[in-house]
Amino acid sequence: MARGEGKGESVARLSNQIACIKYTLFCFNIVAWIVGAGLFAFTIFIRAEPGFDEWISILNVYEYYIGVYILIAAGALVMIFSFLGCCSALMEHSSALYLFIGTQVFLFLLTVIGSAILLDYSTMNSSIQPLIRETMLRFIVTSEHPHSSAALKLIQESIGCCGADGPNDYMVMRQPLPLECRDTVSGNAFFNGCVNELTWFLEDKSVWAAIMAMILAAVHTCNGVLGIVLVQALKREEEAMNRR
(Lines give C-alpha, C1' and ligand atoms only; values in the text may rest on other atoms or scores of the structure.)
Protein backbone atom coordinates (compact mmCIF):
# COMPACT_ATOMS: atom_id res chain seq x y z
CA MET A 1 0.00 0.00 0.00
CA ALA A 2 2.86 2.33 0.84
CA ARG A 3 4.51 1.64 -2.49
CA GLY A 4 1.28 2.44 -4.33
CA GLU A 5 0.94 5.67 -2.41
CA GLY A 6 4.55 6.55 -3.29
CA LYS A 7 3.92 5.96 -6.96
CA GLY A 8 0.77 8.04 -6.75
CA GLU A 9 2.70 10.90 -5.23
CA SER A 10 5.35 10.55 -7.95
CA VAL A 11 2.71 10.75 -10.70
CA ALA A 12 1.06 13.72 -9.01
CA ARG A 13 4.43 15.50 -8.77
CA LEU A 14 5.12 14.80 -12.45
CA SER A 15 1.68 16.11 -13.36
CA ASN A 16 2.39 19.35 -11.49
CA GLN A 17 5.75 19.71 -13.24
CA ILE A 18 4.15 19.07 -16.63
CA ALA A 19 1.48 21.68 -15.93
CA CYS A 20 4.18 24.22 -14.95
CA ILE A 21 6.25 23.52 -18.10
CA LYS A 22 3.16 23.49 -20.29
CA TYR A 23 1.89 26.90 -19.18
CA THR A 24 5.38 28.40 -19.25
CA LEU A 25 5.68 27.20 -22.85
CA PHE A 26 2.24 28.65 -23.56
CA CYS A 27 3.35 32.06 -22.21
CA PHE A 28 6.58 31.98 -24.26
CA ASN A 29 4.53 31.27 -27.38
CA ILE A 30 2.31 34.26 -26.62
CA VAL A 31 5.44 36.43 -26.31
CA ALA A 32 6.76 34.97 -29.59
CA TRP A 33 3.44 35.73 -31.32
CA ILE A 34 3.47 39.35 -30.13
CA VAL A 35 7.11 39.96 -31.14
CA GLY A 36 6.58 38.09 -34.43
CA ALA A 37 3.55 40.25 -35.22
CA GLY A 38 5.61 43.36 -34.44
CA LEU A 39 8.46 42.16 -36.68
CA PHE A 40 6.04 41.33 -39.49
CA ALA A 41 4.32 44.73 -39.26
CA PHE A 42 7.59 46.67 -39.06
CA THR A 43 9.25 44.90 -42.00
CA ILE A 44 6.09 45.28 -44.09
CA PHE A 45 6.19 49.00 -43.24
CA ILE A 46 9.85 49.20 -44.36
CA ARG A 47 8.99 47.50 -47.64
CA ALA A 48 5.86 49.56 -48.28
CA GLU A 49 6.97 52.92 -46.83
CA PRO A 50 6.05 55.69 -49.29
CA GLY A 51 9.13 57.02 -51.07
CA PHE A 52 11.51 54.43 -49.58
CA ASP A 53 11.28 52.14 -52.60
CA GLU A 54 12.19 55.15 -54.76
CA TRP A 55 15.45 55.56 -52.82
CA ILE A 56 16.29 51.88 -53.24
CA SER A 57 15.49 52.12 -56.97
CA ILE A 58 17.60 55.25 -57.51
CA LEU A 59 20.57 53.77 -55.66
CA ASN A 60 20.05 50.34 -57.24
CA VAL A 61 20.58 48.57 -53.90
CA TYR A 62 17.78 46.01 -54.04
CA GLU A 63 20.03 43.66 -52.03
CA TYR A 64 18.77 45.53 -48.96
CA TYR A 65 15.38 43.91 -49.45
CA ILE A 66 16.75 40.33 -49.21
CA GLY A 67 16.96 40.47 -45.42
CA VAL A 68 13.66 42.36 -45.23
CA TYR A 69 11.85 39.63 -47.20
CA ILE A 70 13.35 36.90 -45.01
CA LEU A 71 12.21 38.67 -41.83
CA ILE A 72 8.74 39.26 -43.29
CA ALA A 73 8.48 35.51 -43.87
CA ALA A 74 9.90 34.81 -40.39
CA GLY A 75 7.37 37.11 -38.74
CA ALA A 76 4.46 35.47 -40.56
CA LEU A 77 5.67 31.94 -39.76
CA VAL A 78 6.25 32.82 -36.10
CA MET A 79 2.61 33.90 -35.75
CA ILE A 80 1.42 30.63 -37.31
CA PHE A 81 3.76 28.28 -35.44
CA SER A 82 3.28 30.05 -32.11
CA PHE A 83 -0.45 29.35 -32.29
CA LEU A 84 0.24 25.71 -33.18
CA GLY A 85 2.79 25.54 -30.36
CA CYS A 86 0.19 26.69 -27.85
CA CYS A 87 -2.19 23.99 -29.08
CA SER A 88 0.41 21.19 -29.00
CA ALA A 89 1.51 22.16 -25.48
CA LEU A 90 -2.04 22.27 -24.12
CA MET A 91 -2.94 18.95 -25.76
CA GLU A 92 0.28 17.32 -24.43
CA HIS A 93 0.69 15.54 -27.77
CA SER A 94 4.25 14.18 -28.11
CA SER A 95 4.29 14.00 -31.94
CA ALA A 96 2.97 17.57 -32.20
CA LEU A 97 5.60 18.69 -29.70
CA TYR A 98 8.40 17.07 -31.74
CA LEU A 99 7.10 18.95 -34.80
CA PHE A 100 6.97 22.14 -32.74
CA ILE A 101 10.59 21.68 -31.61
CA GLY A 102 11.62 21.27 -35.26
CA THR A 103 9.83 24.50 -36.21
CA GLN A 104 11.62 26.35 -33.41
CA VAL A 105 15.00 25.26 -34.75
CA PHE A 106 13.96 26.34 -38.25
CA LEU A 107 12.63 29.72 -37.05
CA PHE A 108 15.77 30.31 -34.99
CA LEU A 109 17.93 29.83 -38.09
CA LEU A 110 15.57 31.93 -40.23
CA THR A 111 15.56 34.91 -37.86
CA VAL A 112 19.34 34.81 -37.34
CA ILE A 113 20.06 34.49 -41.07
CA GLY A 114 17.52 37.19 -41.97
CA SER A 115 18.87 39.70 -39.45
CA ALA A 116 22.47 38.92 -40.45
CA ILE A 117 21.73 39.54 -44.14
CA LEU A 118 19.75 42.69 -43.34
CA LEU A 119 22.57 44.13 -41.23
CA ASP A 120 25.15 43.11 -43.84
CA TYR A 121 23.34 45.36 -46.34
CA SER A 122 22.50 48.31 -44.11
CA THR A 123 25.28 49.14 -41.65
CA MET A 124 28.60 50.95 -41.65
CA ASN A 125 31.43 49.04 -43.37
CA SER A 126 28.91 46.57 -44.75
CA SER A 127 28.28 45.22 -48.25
CA ILE A 128 25.83 48.04 -49.02
CA GLN A 129 28.43 50.81 -48.96
CA PRO A 130 30.41 49.78 -52.08
CA LEU A 131 27.10 49.51 -53.98
CA ILE A 132 26.01 53.01 -52.94
CA ARG A 133 29.48 54.40 -53.69
CA GLU A 134 29.48 52.87 -57.18
CA THR A 135 26.06 54.36 -57.97
CA MET A 136 26.94 57.82 -56.61
CA LEU A 137 30.22 57.97 -58.55
CA ARG A 138 28.42 56.92 -61.72
CA PHE A 139 25.90 59.73 -61.20
CA ILE A 140 28.72 62.27 -60.69
CA VAL A 141 30.58 61.15 -63.82
CA THR A 142 27.38 61.43 -65.87
CA SER A 143 26.00 64.47 -64.03
CA GLU A 144 25.43 66.30 -67.33
CA HIS A 145 22.63 63.84 -68.10
CA PRO A 146 19.19 64.85 -66.78
CA HIS A 147 18.54 61.54 -65.00
CA SER A 148 21.87 61.59 -63.12
CA SER A 149 21.55 65.26 -62.30
CA ALA A 150 18.01 64.79 -60.95
CA ALA A 151 19.09 61.78 -58.87
CA LEU A 152 22.04 63.65 -57.37
CA LYS A 153 19.86 66.66 -56.60
CA LEU A 154 17.22 64.52 -54.89
CA ILE A 155 19.72 62.56 -52.80
CA GLN A 156 22.02 65.41 -51.79
CA GLU A 157 19.23 67.87 -50.97
CA SER A 158 17.13 65.38 -49.04
CA ILE A 159 19.94 63.77 -47.03
CA GLY A 160 22.22 66.79 -46.69
CA CYS A 161 25.34 65.19 -48.15
CA CYS A 162 27.79 65.76 -50.99
CA GLY A 163 29.33 63.27 -53.40
CA ALA A 164 30.01 59.66 -52.54
CA ASP A 165 32.58 60.29 -49.79
CA GLY A 166 32.59 64.09 -49.75
CA PRO A 167 32.87 67.18 -52.02
CA ASN A 168 36.35 66.11 -53.15
CA ASP A 169 34.70 63.52 -55.41
CA TYR A 170 33.56 66.32 -57.72
CA MET A 171 37.04 67.85 -57.86
CA VAL A 172 38.71 64.50 -58.54
CA MET A 173 36.31 63.85 -61.41
CA ARG A 174 36.58 67.46 -62.62
CA GLN A 175 32.91 68.15 -62.23
CA PRO A 176 31.44 71.43 -60.94
CA LEU A 177 30.18 71.36 -57.36
CA PRO A 178 26.37 71.61 -57.57
CA LEU A 179 24.34 74.04 -55.46
CA GLU A 180 22.58 71.21 -53.63
CA CYS A 181 25.97 70.23 -52.19
CA ARG A 182 26.03 73.46 -50.20
CA ASP A 183 24.26 74.44 -47.00
CA THR A 184 21.61 77.01 -47.89
CA VAL A 185 22.42 79.06 -44.75
CA SER A 186 26.22 79.04 -44.55
CA GLY A 187 26.96 78.34 -48.21
CA ASN A 188 29.60 75.80 -47.22
CA ALA A 189 29.74 72.39 -48.87
CA PHE A 190 28.37 69.48 -46.86
CA PHE A 191 31.27 67.67 -45.22
CA ASN A 192 29.77 64.17 -45.11
CA GLY A 193 29.52 62.04 -48.22
CA CYS A 194 26.26 60.39 -49.23
CA VAL A 195 27.60 56.85 -48.71
CA ASN A 196 27.81 57.32 -44.93
CA GLU A 197 24.65 59.42 -44.67
CA LEU A 198 22.57 56.93 -46.65
CA THR A 199 24.01 54.02 -44.65
CA TRP A 200 23.03 55.71 -41.39
CA PHE A 201 19.56 56.26 -42.86
CA LEU A 202 19.20 52.54 -43.65
CA GLU A 203 20.82 51.47 -40.39
CA ASP A 204 18.24 53.32 -38.29
CA LYS A 205 15.50 51.15 -39.79
CA SER A 206 17.38 47.87 -39.85
CA VAL A 207 18.61 47.89 -36.26
CA TRP A 208 15.07 47.77 -34.84
CA ALA A 209 14.13 44.87 -37.10
CA ALA A 210 17.32 43.03 -36.12
CA ILE A 211 16.64 43.59 -32.40
CA MET A 212 13.16 42.08 -32.72
CA ALA A 213 14.62 39.17 -34.71
CA MET A 214 17.22 38.49 -32.00
CA ILE A 215 14.53 38.57 -29.31
CA LEU A 216 12.62 36.01 -31.35
CA ALA A 217 15.75 33.86 -31.73
CA ALA A 218 16.15 33.84 -27.93
CA VAL A 219 12.47 32.94 -27.45
CA HIS A 220 12.75 30.13 -30.04
CA THR A 221 15.72 28.73 -28.10
CA CYS A 222 13.71 28.76 -24.87
CA ASN A 223 10.70 27.22 -26.65
CA GLY A 224 12.83 24.44 -28.09
CA VAL A 225 14.37 23.61 -24.71
CA LEU A 226 10.99 23.72 -22.95
CA GLY A 227 9.50 21.52 -25.69
CA ILE A 228 12.21 18.89 -25.15
CA VAL A 229 11.75 19.05 -21.36
CA LEU A 230 7.97 18.68 -21.75
CA VAL A 231 8.32 15.64 -24.03
CA GLN A 232 10.67 13.98 -21.54
CA ALA A 233 8.32 14.76 -18.65
CA LEU A 234 5.37 13.28 -20.56
CA LYS A 235 7.40 10.11 -21.20
CA ARG A 236 8.26 9.78 -17.50
CA GLU A 237 4.62 10.31 -16.55
CA GLU A 238 3.52 7.62 -19.02
CA GLU A 239 6.13 5.19 -17.65
CA ALA A 240 5.05 5.94 -14.07
CA MET A 241 1.41 5.33 -14.98
CA ASN A 242 2.28 1.98 -16.62
CA ARG A 243 4.15 0.82 -13.49
CA ARG A 244 1.15 1.40 -11.25
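Residues numbered from 1 in each chain as written. Predicted model: local features only at pLDDT ≥ 70, side-chain atom pairs only at ≥ 80, totals over all residues. Heavy atoms only, no water.

## A short note on the overall build of the protein chain
Part 1: If you tally the helices and strands in the protein chain, you get eight helices and zero strands.
Part 2: Sequence-ordered secondary structure for the protein chain, helices as α and strands as β, is α-α-α-α-α-α-α-α.
Part 3: Along the first, second and third principal axes, the C-alpha set of the protein chain runs to 100 × 25 × 25 Å.
Part 4: Looking at the protein chain as a whole, 43% of its 244 residues are labelled buried.
Part 5: A sequence separation of at least 24 residues applies to 77% of the contacts in the protein chain between residues at least 6 apart. (Helix = DSSP H or I, 4+ residues; strand = E, 2+ residues; numbered from the N terminus. Buried < 20%, exposed > 50% of the residue type's maximum accessible area, 1.4 Å probe, protein only. Contact = heavy atoms within 4.5 Å.)

## As for the side chain of N223
Part 1: Along the polypeptide, N223 turns up in helix α8 (residues 194-243).
Part 2: Residue contacts for N223: discarding those within four places in its chain leaves L25, F28, N29, A32, F100 and Q104.

## A short note on the pattern of salt bridges
Part 1: Following the criterion strictly, the structure yields four salt bridges and no others.
Part 2: Where K205 meets E49, a salt bridge forms, and the shortest distance between an N and an O atom there is 2.7 Å. With K205 in helix α8 and E49 in the loop between α1 (2-48) and α2 (52-59), the pair connects residues that are 156 residues apart, well separated along the chain. (Salt bridge = Lys/Arg side-chain N within 4 Å of Asp/Glu carboxyl O.)

## Considering the UniProt feature "transmembrane region" (unreviewed entry) in the protein chain
Part 1: Annotation from UniProt places "transmembrane region" (unreviewed entry) at residues 23-46, 66-90, 97-119 and 207-234.
Part 2: Across residues 66-90 one finds 100% helix and 0% strand; the C-alpha atoms that close the span lie 36 Å apart.
Part 3: Secondary structure within residues 207-234 divides into 100% helix and 0% strand; the distance between the first and last C-alpha atoms comes to 40 Å. (UniProt positions renumbered as here; feature names shortened; annotations may be inferred.)

## Looking at the state of the cysteines
Part 1: Inspection of the entire model under this criterion finds two disulfides.
Part 2: For the protein chain, numbering the cysteines in disulfides from first to last along the sequence yields the connectivity 1-4, 2-3.
Part 3: Distance from the sulfur of C86, which forms no disulfide, to the nearest cysteine sulfur (C87) is 6.8 Å.
Part 4: Not part of a disulfide, C222 finds its nearest cysteine sulfur in C27, a span of 13 Å. (Disulfide = S-S within 2.5 Å.)

## Topic: the packing of aromatic side chains
Part 1: Under the criterion given, the structure shown has six aromatic pairs.
Part 2: Measuring from ring centre to ring centre gives 6.1 Å for F52 and F201, while their planes differ by 40°; the resulting arrangement is tilted. On the criterion of sequence distance, the pair formed by F52 in helix α2 and F201 in helix α8 is long-range, its members being 149 residues apart.
Part 3: Summarising the aromatic geometry, the rings of W55 and F201 are spaced 6.4 Å apart at their centres and angled 50° between planes, so their arrangement reads as tilted. Taken together, the residues span a long stretch of sequence, with W55 in helix α2 and F201 in helix α8 at a distance of 146 residues.
Part 4: A network of ring pairs unites the aromatic residues F52, W55, Y64, Y65, Y69 and F201 as a single cluster.
Part 5: In this structure, R47 is placed above the aromatic ring of Y65, and the distance from its NZ or CZ to the ring centre is 4.2 Å. (Phe/Tyr/Trp six-rings, centres within 6.5 Å; stacked < 30°, edge-to-face > 60°. Lys NZ or Arg CZ within 6 Å of the ring centre and 35° of its normal.)

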